[in-house]
Amino acid sequence: MKIIKYPLKTSWDSLLARPVLDYSHGESRVREILFQVKNRGDEALREYSLRFDGYEKAYFSVEAEEFETANALVSDELKSAIAQAAANIRAFHESQREQTIRVETTPGVSCWRKSVPITQVGLYIPGGTAPLFSTLLMLAIPAQLAGCRDIVICTPPGKDGNIHPAILYTADYLGIHQIFKIGGAQAIGALAYGTETIPRVSKIFGPGNQYVTLAKQIVSQQGTAIDMPAGPSEVAVVADKTANPTFIAADLLSQAEHGTDSQVILVTSCEPLLEVIRDEIELQLQQLPRKEIAREALHHSRMVLLENDEKVLEMINEYAPEHLILSVENPEVWAEKVENAGSVFLGHFTPESAGDYASGTNHTLPTNGFARSYSGVSLDSFVRKITFQQISPEGLLNLGTTVEVMAEAEELIAHKRAVSVRLEFIKGLNHG
């Protein structure tokens, strides 16, 4: 992991650049997959399942006995962990409900806004080397709290045609049984367009590889909403002299093991920490089953030494990390000055892993600098906000002239007349 000391401000952009993702070679392939799924439905899905997943079967849906088998395979310890995580996630997202508040903007003019659930949502849950049943908790629970009527899950099977039991158990625990054994770009196409077997949805959530990411971006241009632009996982850690190097190294490696394109950043004004943390990373790296993946991620990661805390904060806000760990003496003070981050972890005993699994906050977060303009998934991600208004005759008398004057100034006379005919009617009643 490279150490950079006191870089000039002019070099920050290149220093903080994410790994370059070259999608050019995959885009035509993904577009062809989406085209085939849109036009040939289940037939295309079966072909791609055989080609990419080595799975061949006439149907994709998970049967009842598969949930029963998964229930027997998941340990009681993991079941208990899933239950606690689910309770925390539910409690945090339940608190995000907004009351409908009616506002009288002018006497006789009432306006209000109401949250209405998105009726059909699709959740893509990665399988493979990292079956992310935690992502199922993070997406399905707020979808249920929001009141989404149809929750459809797509997740890739293994070559034996089975889905990881922890994913099936979690879905069953949450009471969701509309699950399909399909992965990759073809799953995104199925959710976006619908097939004979898989229902079409209005919004797609969930992470995936570069083909899934590309497919989500393409269908979002065709009318299917997605949760957010996605990229590789990342974490930035701010550390001061009170930080524990063992903790820091573990935090950095916890993100580096996600994938070879992940990125981890350490920013500090305490020079003695650098070599100690780097040595600790190398020591812990040897103990990881995914050490080769983590090592590759560390090649495009950085440790940066800056002159003072003000510059550290400035760099962090410029980087806009998906995850930000404040391993400092006064984390609450630092947190108040954070402007750009997906999720922030305060203090020496708040590992990012807690947010990934069970503290309650959502782990589906903006990456690649999108934390400057996007929020992570929340209850709001699964609803639409519809505004309402109601105007009484008295209200229109109070507001009508304003609307008429503005409409006439914009030369939209029909707009003006829609008010004028009503005002004439109300005045006629008053004089009658």
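In this report, we go over the structure that sits alongside the text. (Residues numbered from 1 in each chain as written. Predicted model: local features only at pLDDT ≥ 70, side-chain atom pairs only at ≥ 80, totals over all residues. Heavy atoms only, no water.)

1. As for the overall build of the chain
Looking only at helices and strands, the chain features 17 helices and 14 strands. Taking the principal axes of the C-alpha coordinates as reference, the chain spans close to 90 × 60 × 45 Å. Looking at the 432 residues of the chain, the share that counts as buried comes to 48%. Considering only contacts within the chain whose residues lie at least 6 apart along the sequence, 75% involve residues at least 24 apart. The average position of the 38 basic charges and that of the 54 acidic charges among the side chains of the chain differ by 5 Å. (Helix = DSSP H or I, 4+ residues; strand = E, 2+ residues; numbered from the N terminus. Buried < 20%, exposed > 50% of the residue type's maximum accessible area, 1.4 Å probe, protein only. Contact = heavy atoms within 4.5 Å. Lys, Arg positive; Asp, Glu negative; His and termini not counted. Charge placed at Lys NZ, Arg CZ, Asp CG, Glu CD.)

2. Structural notes on the side chain of Glu234
Its location among the elements puts Glu234 in strand S9 (residues 234-239). At 2.7 Å, the side chain of Glu234 forms a polar contact with the side chain of Arg18. If we skip the residues at most four places from it in the chain, Glu234 touches Arg18, Gln255, Gln263, Tyr319, Ala320, Pro321, Glu322, His323, Thr367, Asn368 and Gly369. (Polar contact = N/O pair within 3.5 Å; in protein donor to acceptor, adjacent residues only side chain to side chain.)

3. Focus on the environment of Thr69
Tracing the sequence through the fold places Thr69 in helix H4 (residues 64-73). Put simply, Thr69 and Val267 are 198 residues apart on the chain and 47 Å apart in space, counted from C-alpha to C-alpha.

4. So, the environment of Ser269
Structurally, Ser269 can be placed in the loop between strand S10 (263-268) and helix H11 (272-285). Residues Ser269 and Lys57, spaced 212 residues apart in sequence, show a C-alpha to C-alpha distance of 58 Å. Polar side-chain contacts of Ser269 include one of 3.1 Å to the side chain of Asp309.

5. Notes on the nonpolar core
When a protein is soluble and globular, its nonpolar side chains tend to lie buried together. Formed by 40 residues in total, the largest nonpolar core has its most connected members in Val121, Leu123, Leu136, Leu137, Ile153, Ile179 and Phe382. Only H4, helix H5 (76-94), strand S4 (120-124), helix H6 (133-146), strand S5 (150-155) and helix H7 (165-174) provide two or more residues apiece to this core. The element contributing the most residues to this core is H6, with 10 residues. If you look at the next biggest cluster of nonpolar residues, it comprises 28 residues, including Ala187, Ile188, Tyr193 and Ile198. (Core = buried A, V, L, I, M, F, W, Y, C linked by side-chain atoms within 4.5 Å.)

6. Things to note about unusual backbone geometry
Phi at Tyr6 is positive, roughly 50°, even though this residue is not glycine. One can find Tyr6 in the loop between strand S1 (2-5) and helix H1 (12-15). The backbone phi angle of Ala320 is positive, close to 55°, even though this residue is not glycine. By the element assignment, Ala320 lies in the loop between helix H13 (309-319) and strand S12 (323-327). A relative accessible area of 0% places Ala320 in the buried class.

7. Overview of helix H2 (residues 24-40)
Helix length check: H2 (17 residues) gives 25 Å between terminal C-alpha atoms against 24 Å at 1.5 Å per residue, within 8%. Buried residues of H2: Gly26, Val30, Ile33, Leu34, Gln36 and Val37, and no others. Buried residues along H2 cover an arc of 160° about the axis, so they all sit on one side. Structural note: H2 exposes Ser24, Ser28, Lys38 and Asn39 on the side pointing more than 90 degrees away from its buried face. Its buried side turned inward, H2 meets helix H3 (42-53), helix H8 (184-193) and helix H9 (210-220). (Expected span 1.5 Å × (residues − 1). Arc of directions from axis to C-beta.)

8. With respect to the sheet that holds strand S3 (residues 109-117)
With antiparallel pairing, 3 strands are arranged side by side in an open sheet as S2-S3-S14. In this open sheet, the two edge strands, each paired with only one partner strand, are strand S2 (103-106) and strand S14 (383-391). Neighbour-to-neighbour, the strand axes of this sheet turn through a mean angle of 30°, independent of strand direction. Here S3 pairs with S14 via 9 bridges, running antiparallel. (Pairing = 2+ DSSP bridges. Axes fitted to C-alpha atoms, helices over the stretch in contact; angles between N-to-C directions.)

9. Examining H4
By the burial criterion, the buried members of H4 are Glu66, Phe67 and Ala70. Take H4 and look down its axis: the buried residues cluster within an arc of 100°, on one side only. Projecting away from the buried face of H4 at angles above 90 degrees are the exposed residues Ala64, Glu68 and Ala72.

10. Overview of the packing of aromatic side chains
Going through the model one piece at a time under the given rule, you end up with 6 aromatic pairs. Between Phe247 and Phe349, the aromatic rings sit 5.8 Å apart at their centres with planes inclined by 65°, giving edge-to-face as the arrangement. Of this pair, Phe247 sits in helix H10 (residues 245-256) while Phe349 sits in the loop between strand S13 (343-346) and helix H15 (352-357), and the two are 102 residues apart along the sequence. Its relative accessible area of 31% is what places Phe247 among the partly exposed residues. Residue classification places Phe349 among the exposed positions, given a relative accessible area of 71%. Of note, Arg29 hangs over the ring of Tyr211, and the distance from its end group to the ring centre comes to 5.1 Å. Looking at Arg102, its charged tip hangs above the ring of Trp112, at a distance of 3.7 Å from the centre. (Phe/Tyr/Trp six-rings, centres within 6.5 Å; stacked < 30°, edge-to-face > 60°. Lys NZ or Arg CZ within 6 Å of the ring centre and 35° of its normal.)

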